[in-house]
Every structure is written in C-alpha cells, then in structure tokens.
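Fold and contact review
Residues per chain, in single letters:
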Amino acid sequence: MSETSPPPFRPLLLPTLLLILAGWGGVSLIVLYTPPTAGWRWLFFFCWVLAWSGSALPLLYLIHRLFPSAGMDLSILGRQALWVGLYGALLAWLQLGRMVNLPLALEIATLLLAVEWLLRWREQARRVTPPPTTEPPTTENAPTSTVNNESHPPLAE
C-alpha cells in the first residue's frame, strides 16, 4: 500500500452499518411513532447526525480513493463524515424555523469546508519531518565547549 492510498474499507464496514441502522432506524421510529415534543426532537437530531454520518462514510471513502492524499487516516474519514452529519442536522434544525435558503446552506457548507481544510493543513504541518542526514553522528562533529574551566578562578564561598 502506498503512502497516498487510503486504508482499506474493512475496518469501516461495521461502524458504517451500525451508524446507518441506528440513524435511519431511529429517525423512522421517531417520525412514525412519537409526538413532536422537545425530547424526541433532540433525539431526532442525534439520529439524523448518525444517519447522515453513516451514509457519508462510504461516499467519502470513495472520494479519497479516487483522489488520494498523503497522510489519509480512518480518523480523518470519521471526522469528515461527522461534519456531513452535523451539516445535515444543522440544516434540519434551521428548517424548523423556516430559515434555510440556498445562500445560507452554501455559506454553512463553505464554513465547514474551511474548518476541515485548516485542520488538514495543521495535520500536514505536524507530519513534515526534517530530511534524514546521510552521515552517522560522531563525536568529531559534535560542538566543543569554548569555556575553559582552568582559566576561571574558583568561586568564593
């Protein structure tokens, strides 16, 4: 496996299925069988995040497989899927007050993409290591001390 190819999807298979089943199953149960009270509404948003995060994981994996980047990790895919879930829940919450429109949805998406880009930029900066030296370290190349202990008088007590 090269450094730029994403890790295999097998470790993501079980979490993806659990997120999809818990999320979409919870959303359907809440919509069909509960009254729209505050507690159930917040549980709906939680299940909505799970559902969209689980649904986004395979798509994000495919995107990273088609356009590989250095340092791809499963935690990055999980974080990006969580951004998708939070975006969907935020749009659903704003829709309750009839405040969602296309410019606002695009602004929120742009903001989340900028935050993700800054996080990836920081991770890449931390991953950069200095190039290795070809010479093994020796005592000949080590800096020597310029202080001569014999030229200084002893300290008075």
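Quick look at the structure, then. (Residues numbered from 1 in each chain as written. Predicted model: local features only at pLDDT ≥ 70, side-chain atom pairs only at ≥ 80, totals over all residues. Heavy atoms only, no water.)

Here we come to the overall build of the chain. Scanning the chain from N- to C-terminus turns up four helices and zero strands. Secondary structure elements in the chain, listed N-terminal to C-terminal, are α-α-α-α. Residues counted as buried form 24% of the 157 residues belonging to the chain. When contacts within the chain are restricted to residue pairs at least 6 apart in sequence, long-range pairs at least 24 apart make up 73% of them. (Helix = DSSP H or I, 4+ residues; strand = E, 2+ residues; numbered from the N terminus. Buried < 20%, exposed > 50% of the residue type's maximum accessible area, 1.4 Å probe, protein only. Contact = heavy atoms within 4.5 Å.)

So, about helix α2 (residues 38–66). If you check α2, its first and last C-alpha atoms are 42 Å apart, about what 29 residues at 1.5 Å a residue would give, namely 42 Å. Along α2, the helix axis deviates most sharply at L57, where the bend reaches about 30 degrees; the proline P58 sits within four residues downstream. (Expected span 1.5 Å × (residues − 1). Bend = angle between axes of the 7 residues up to and from the residue.)

Close contact between helix α3 (residues 74–96) and helix α4 (residues 102–127) brings their axes to 11 Å; oriented N to C, the two are set at 160 degrees. By the angle between their axes, α3 is roughly antiparallel relative to α4. Like other packed secondary-structure pairs, α3 and α4 cross with a definite hand, here right-handed. Every residue of α4 that contacts α3 at I76, R79, Q80, W83, Y87, L90, L91 and L94 is listed here: L104, A105, I108, A109, L112, V115, E116, L119, R120 and E123. Of the residues in the contact of α3 with α4, the class split is 13 nonpolar, one polar and four charged. (Axes fitted to C-alpha atoms, helices over the stretch in contact; angles between N-to-C directions. Parallel < 35°, antiparallel > 145°, perpendicular 65-115°, else oblique. Left-handed = near helix turned anticlockwise from the far one by under 90°. Nonpolar A, V, L, I, M, F, W, Y, C, P; charged D, E, K, R; others polar.)

In the structure shown here, the tally under the stated rule is three salt bridges. Here R79 ties to E116 by a salt bridge, and the two come within 2.8 Å at their closest N and O atoms. Residue R79 is found in helix α3, and its partner E116 is found in helix α4; the two are separated by 37 residues along the sequence. Note on E116: relative accessible area 8%, which makes it buried. E123 is the salt-bridge partner of R79, the closest N and O atoms lying 2.7 Å from each other. Of the two residues, R79 is situated in helix α3 and E123 in helix α4; the sequence distance between them amounts to 44 residues. (Salt bridge = Lys/Arg side-chain N within 4 Å of Asp/Glu carboxyl O.)

Taking 1.5 Å per residue as the helical rise, α3 with its 23 residues ought to reach 33 Å, and the 34 Å between its terminal C-alpha atoms agrees with that figure. All of the buried residues along α3 are I76, L77, Q80, A81, G85, G88, A89, L91, A92 and L94. Phi turns positive one or two residues past the end of α3, at R98, with a value near 55 degrees.

For the rest of this paragraph, the subject is unusual backbone geometry. Positive phi outside glycine occurs at R98, with the angle close to 55 degrees. Within the secondary structure layout, R98 lies in the loop between α3 and α4.

Residue position: S53 is located in helix α2. In this view, S53 contacts L19, A81, L82 and G85; residues no more than four positions away in its chain are not counted.

Packing of helix α1 (residues 10–33) against α2 leaves a shortest axis separation of 7 Å and a crossing angle of 145 degrees. As α1 packs across α2, the resulting crossing turns out to be left-handed.

Under the definition given, this model contains eight aromatic pairs. Taken together, a centroid distance of 5.3 Å and an interplanar angle of 20 degrees make the contact between W117 and W121 stacked. Taken together, the positions of W117 and W121, both in helix α4 and four residues apart, correspond to about one turn of that helix. The rings of W24, W42, F44, F45, W48 and W52 are connected pair by pair, giving a single aromatic cluster. (Phe/Tyr/Trp six-rings, centres within 6.5 Å; stacked < 30°, edge-to-face > 60°.)

Function cannot be inferred from these measures alone, as they are strictly geometric.
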